[in-house]
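Listed below, chain by chain, are the residues.
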Amino acid sequence: MASTRRTFLGGAAGAIALAGIARRAEAADEKKAGQSGAMAKGLTLCNIQRGGSFSLGVKTSKGVLDVPAAKGKKNGLPATTDDVIRGIGDLNALRGLVADAESGK
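Just so it is clear, the structure is predicted and the values come from calculations on it, not from any experiment.

So, the nonpolar core
Soluble globular proteins tend to pack their nonpolar side chains together in the buried interior. Formed by 13 residues in total, the largest nonpolar core has its most connected members in Leu43, Val58, Val67, Leu77, Val84 and Leu94. Of all the secondary structure elements, the ones that give two or more residues to this core are β2 (53–60) and α4 (91–103). When residues in this core are grouped by element, the largest group, five residues, is from α4. Every residue in contact with Leu43, bar those within four places of it in the chain, is listed here: Val58, Leu94, Arg95 and Val98.

Things to note about the environment of Val67
Within the secondary structure, Val67 sits in helix α2 (residues 67–70). Through-space distance from the C-alpha of Val67 to that of Gly57 is 5.7 Å; in sequence the pair is 10 residues apart. Not counting the four nearest positions on each side in its chain, Val67 is found in contact with Leu56, Val58, Leu77, Pro78, Leu94 and Leu97.

Thoughts on the environment of Ala99
Mapped onto the elements, Ala99 comes out in helix α4. Classification of Ala99 by relative accessible area gives partly exposed; the value is 42%.

Here we look at the pairing of strand β1 (residues 44–50)
Looking at chain direction, β1 and β2 are connected through seven bridges and run antiparallel. Note that in β2 the partner of Ile48 across the bridge is Ser55.

Let's talk about the sheet that holds strand β3 (residues 63–66)
Across the sheet, three strands lie side by side as β1-β2-β3; this open sheet has antiparallel pairing. At either end of the open sheet lies a strand with only one pairing partner, and these are β1 and β3. Looking at each pair of strands side by side, their axes are set apart by 40° on average, direction ignored. Two elements, β2 and β3, share four bridges in a ladder whose sense is antiparallel. Looking at the pairing, Thr60 lines up with Gly63 of β3. Packed on one face of the sheet, α4 meets β2 and β3 and runs near 60° to β2.

Rules used in this analysis
- Residues numbered from 1 in each chain as written.
- Predicted model: local features only at pLDDT ≥ 70, side-chain atom pairs only at ≥ 80, totals over all residues.
- Heavy atoms only, no water.
- Core = buried A, V, L, I, M, F, W, Y, C linked by side-chain atoms within 4.5 Å.
- Buried < 20%, exposed > 50% of the residue type's maximum accessible area, 1.4 Å probe, protein only.
- Helix = DSSP H or I, 4+ residues; strand = E, 2+ residues; numbered from the N terminus.
- Contact = heavy atoms within 4.5 Å.
- Pairing = 2+ DSSP bridges.
- Axes fitted to C-alpha atoms, helices over the stretch in contact; angles between N-to-C directions.

This is how it looks when you write it as structure tokens:
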């Protein structure tokens, strides 16, 4: 069976439609990954090196906040910048910790 322009374009249109559906599913999965539904907007993140390991730091108006050292009783906070990017941990609790640090609590 010889391929015609019509069969080629029909197959290409179907492939494009399937790619669009797959991309929408990926976007929905990415949105579910973060608990807050958004990245850590408004936070300036950094890595703090102690010994041979790195931990999460957040720039505040009063300096850099060492998240693992300052977390106190708050559980579920991200431990690294990779965790924040991947949406692992409670970003709202991280924002609260930063707000507490800036207010001097």
